[in-house]
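Summary of the model geometry
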Amino acid sequence: MLSIVKSAALLGMEGYIVDVEVDVSNGLPGFSIVGLPDTAVRESTERVRSALKNSGLDFPMKRITVNLAPADLRKEGPAYDLPIAVGILAATGQIDPNRLNGHGVLGELSLDGSVRTVTGVLPTALVLREKGFSGLVVPEANGKEASLVGGLSVYPVTSLMGLVKFLRGEQDILLHPEDINFLDGEERGGLLDFAEVKGQFLARRALEVAAAGGHNVIMVGPPGSGKTMLARRLPTILPQLTLEEAFEVTKIYSLAGLLQPQQPLVRERPFRSPHHNASASSLIGGGRIPKPGEISLAHFGVLYLDEMPEFPRDALEALRQPLEDGIVTISRVQAALTYSARFQLIASLNPCPCGYFGDNSRPCSCTPAMIQRYLNRLSGPLLDRIDLQIDVPRLEYQDLESGVQPESSAHILQRVEQAREIQWERFNGLGISCNAHMGAKETRHFCIMTPGGVRLLKEAFRQLQLSARVHDRIKKVARTIADLEGSAEIKEQHVAEALQYRGLNRHSRQ
């Protein structure tokens, strides 16, 4: 007898419906799965067999053939355990298959018949809703995640036997309530604060500009000057994720298996800080079937690269295209997948290998050739894509013991949100959220400078021999500075401040 149970599979962030076709026929006992299954799917045979027997259900001693259609797309992961088990029960007449019409099924089975959590439930639920499905059976731990998708009845199950009793009409499964209002009334607590940062007024101002316009930042300074401390506090002055942004970030974290059952929606902007021995694949994403990398996990958040020159050169160069486009495309023989990667890059480095070049309190032991070789690990095209390049000098004793209370993140956030409001109104309907994301056309249209600003930028372009890309990025930063001031025009002082954030360009001319 043949039965068909509906499930779904993901290829990157896109999904498609999978028909789990189960045929139970006479012949030598056997259990085979076809339809391009990976190792985890092929191992379902043993998990399903044990789960059925240990749940007190009959496992047919016949020939069982499972086809995962469409057969030309690879299936991976253990999420097909539950639909395969349900298909066998339906094919052998142990349950009524009609009760699953219009429903998808996902879940991994333990040997005792309990249902384990799986990854990718949110994007899968979105696919099912788009295809007109009315319900979804998921592991209980994934119930909150699936309930984020409105218009889809979510049936959380803890065991195979519990689902069987529901399909037999012996007991009900309590529907998980729809709840998409996770952001309403959410207080931002337990975060770091800029009030803890002593001194470093230029760096604090630069990070405020970066937060207001979504700009990338690189900080240069000796060890212990506070670069990491500053970077980790940037998310505290970024506007909270909108519901639409939170859904996008959550989809990526669901695919990566990083969602917590008690927090099914990512509410805060991500902060990712990979170690400098990270490979290009771990940053960009990779694998035989590519998975999201650190830049995608930092989508709508911050990617912090500490000791940036220590990262592999190929890993750094791979950042160039995502920094421009906000997406990353990973090509493999089996698939070419595209993941979102609209992140804000914050990087730090020492001024030289020993870290003390230009430090007044400690001599540098590096030769000029060593320093140049160290800085050359960052290519010109990569530096061109970093809007703000600032020096973070060593703090003096009076800075640490000063009685002046630094400004808190809450006060800085107010100015950042006001500047972002101006940008949201400016770019309404253009698909742009902040100044850093403007293209060449938008930059020409919205970055109107006064005559004094034009003269200053022209002179800087000539003296520093700036590229066309840097020219546009300076205008974007100046636009953000003007927005923080509430100015419709970009004035000379706005351009002057934007130019002072090109520290590495000045060093390269010395």
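Residues numbered from 1 in each chain as written. Predicted model: local features only at pLDDT ≥ 70, side-chain atom pairs only at ≥ 80, totals over all residues. Heavy atoms only, no water.

1. Some points on the overall build of the chain
Secondary structure assignment for the chain yields 22 helices and 18 strands. Here the C-alpha coordinates of the chain stretch approximately 85 × 45 × 45 Å along the principal axes. Evaluated residue by residue, the chain yields a buried proportion of 53% over its 510 residues. Within the chain, contacts between residues separated by at least 24 positions form 74% of all contacts whose residues are at least 6 apart in sequence. Summed over its atoms, the accessible surface of the chain is roughly 22,400 Å², and 50% of this surface lies on carbon and sulfur atoms. Side-chain charges of the chain comprise 55 positive and 58 negative groups, with the mean position of each set lying 5 Å from the other. (Helix = DSSP H or I, 4+ residues; strand = E, 2+ residues; numbered from the N terminus. Buried < 20%, exposed > 50% of the residue type's maximum accessible area, 1.4 Å probe, protein only. Contact = heavy atoms within 4.5 Å. Areas by Shrake-Rupley, 256 points an atom, 1.4 Å probe, with all protein chains shown as cover. Lys, Arg positive; Asp, Glu negative; His and termini not counted. Charge placed at Lys NZ, Arg CZ, Asp CG, Glu CD.)

2. Side note on the confidence of the model for the chain
A residue-level look at the chain finds 96% of positions with pLDDT of 70 or above and a mean pLDDT of 89. Scored below 50 in pLDDT, residues 506-510 shows seven contacts in the model against residues more than four places distant or in partner chains. (pLDDT = per-residue confidence, 0-100.)

3. Describing helix α3 (residues 81-91)
In terms of burial, α3 is a largely internal element, 11 of the 11 residues being buried. Of all the residues in α3, the buried ones are D81, L82, P83, I84, A85, V86, G87, I88, L89, A90 and A91. Positive backbone phi, at 75°, marks G93, one or two positions downstream of α3.

4. Looking at helix α17 (residues 409-426)
Here α17 contains 18 residues, and its C-alpha end-to-end distance of 25 Å stays within 8% of the 26 Å for a straight helix at 1.5 Å per residue. Of all the positions in α17, only S409, I412, L413, V416, A419, R420, Q423 and R426 are classed as buried. Along α17, the residues classed as buried sweep out an arc of 130° about the axis, all on the same side. Residues of α17 that are exposed and angled more than 90 degrees away from the buried face: Q418 and E425. Summarising the contacts, the buried residues of α17 are in contact with α7 (201-213), α18 (440-446) and α20 (468-485). (Expected span 1.5 Å × (residues − 1). Arc of directions from axis to C-beta.)

5. Thoughts on the packing of aromatic side chains
Counting across every chain of the model gives four aromatic pairs. With a centroid separation of 5.9 Å and 40° between ring planes, the pair formed by F31 and F59 is classed as tilted. Here F31 is found in strand β3 (residues 30-34), whereas its partner F59 is found in the loop between α2 (44-54) and β4 (63-69), with 28 residues between them in sequence. Accessibility expressed as a relative area gives 11% for F59, which makes it buried. Judged by centre distance (6.1 Å) and plane angle (35°), the rings of F271 and Y304 are tilted. One end of the pair, F271, is in strand β11 (residues 271-272); the other, Y304, is in strand β14 (residues 302-305), with 33 residues separating them in the sequence. The lysine or arginine in question, R99, covers the ring of F166, its NZ or CZ lying 4.6 Å from the ring centre. The ring of F427 has R426 sitting right over it, with the charged end atom 5.6 Å from the ring centre. (Phe/Tyr/Trp six-rings, centres within 6.5 Å; stacked < 30°, edge-to-face > 60°. Lys NZ or Arg CZ within 6 Å of the ring centre and 35° of its normal.)

6. Digging into the packing of α3 against helix α6 (residues 160-167)
Relative to each other, α3 and α6 sit at 45°, their axes nearing to 11 Å. Here α3 is positioned oblique relative to α6, judged by the angle of their axes. At the point where α3 passes α6, the crossing takes the right-handed sense. Here α3 contributes L82, A85, V86 and L89 to the contact with α6, which in turn contributes L160, L163, V164 and L167. Its residues assigned to classes, the contact of α3 with α6 comprises eight nonpolar, no polar and no charged. (Axes fitted to C-alpha atoms, helices over the stretch in contact; angles between N-to-C directions. Parallel < 35°, antiparallel > 145°, perpendicular 65-115°, else oblique. Left-handed = near helix turned anticlockwise from the far one by under 90°. Nonpolar A, V, L, I, M, F, W, Y, C, P; charged D, E, K, R; others polar.)

7. A look at the nonpolar core
Core analysis: the biggest nonpolar cluster contains 63 residues, and L305, M308, L319 and F343 have the highest contact counts within it. Counting residues per element, this core draws most heavily on helix α9 (residues 243-256), which supplies six residues. When sequence neighbours within four positions are dropped, the list of residues in contact with F343 reads N216, I295, A298, F300, G301, L303, L319, P322 and L323. Residues V197, M449, L466 and V477 belong to the second largest nonpolar core, which totals 47 residues. (Core = buried A, V, L, I, M, F, W, Y, C linked by side-chain atoms within 4.5 Å.)

8. Some thoughts on the pattern of salt bridges
Enumeration according to the criterion identifies 24 salt bridges in this entry. With a shortest N-O distance of 2.6 Å, E407 and R415 are connected by a salt bridge. For E407, a relative accessible area of 31% gives the class partly exposed. Judged by its relative accessible area of 28%, R415 falls in the partly exposed class. A cluster of three or more residues bridged by salt bridges with shared partners is formed by E324, D384, R385, D387, R469 and R473. (Salt bridge = Lys/Arg side-chain N within 4 Å of Asp/Glu carboxyl O.)

9. Overview of the sheet that holds β14
The strand order across the open sheet formed by five strands is β11-β14-β17-β10-β18, and the pairing between neighbours is parallel. This sheet does not close on itself; its edge strands, each paired only once, are β11 and β18 (388-391). Pairing geometry for strand β10 (residues 217-220) and β18, over four bridges, is parallel. Bridging from a neighbouring strand, V220 pairs with D391 of β18. The strands touched by α7 are β10, β17 (344-349) and β18; relative to β18, the strand with the most contacts, the crossing angle is about 165°. (Pairing = 2+ DSSP bridges.)

10. A closer look at the state of the cysteines
Two cysteines, two sulfur atoms, one covalent bond between them: this is a disulfide. Applying the stated criterion across every chain, the model contains zero disulfides. Summary of cysteine pairing: C366 is not part of a disulfide, and the nearest cysteine sulfur, belonging to C354, is at 3.6 Å. For C366, a relative accessible area of 13% corresponds to the buried category. Here C447 stays unpaired: no disulfide links it, and the sulfur of C434, its closest cysteine neighbor, is 12 Å away. (Disulfide = S-S within 2.5 Å.)

11. A few points about the packing of α2 against α3
At a minimum axis distance of 10 Å, the contact between α2 and α3 shows a crossing angle of 55°. When the axis of α2 is compared with that of α3, the two are oblique. Considering the relative orientation of α2 and α3, their crossing is right-handed. Packed against α2, whose contacting residues are S44, R47, V48 and L52, the element α3 presents D81, I84, A85, I88 and L89 at the interface. Its residues assigned to classes, the contact of α2 with α3 shows six nonpolar, one polar and two charged.

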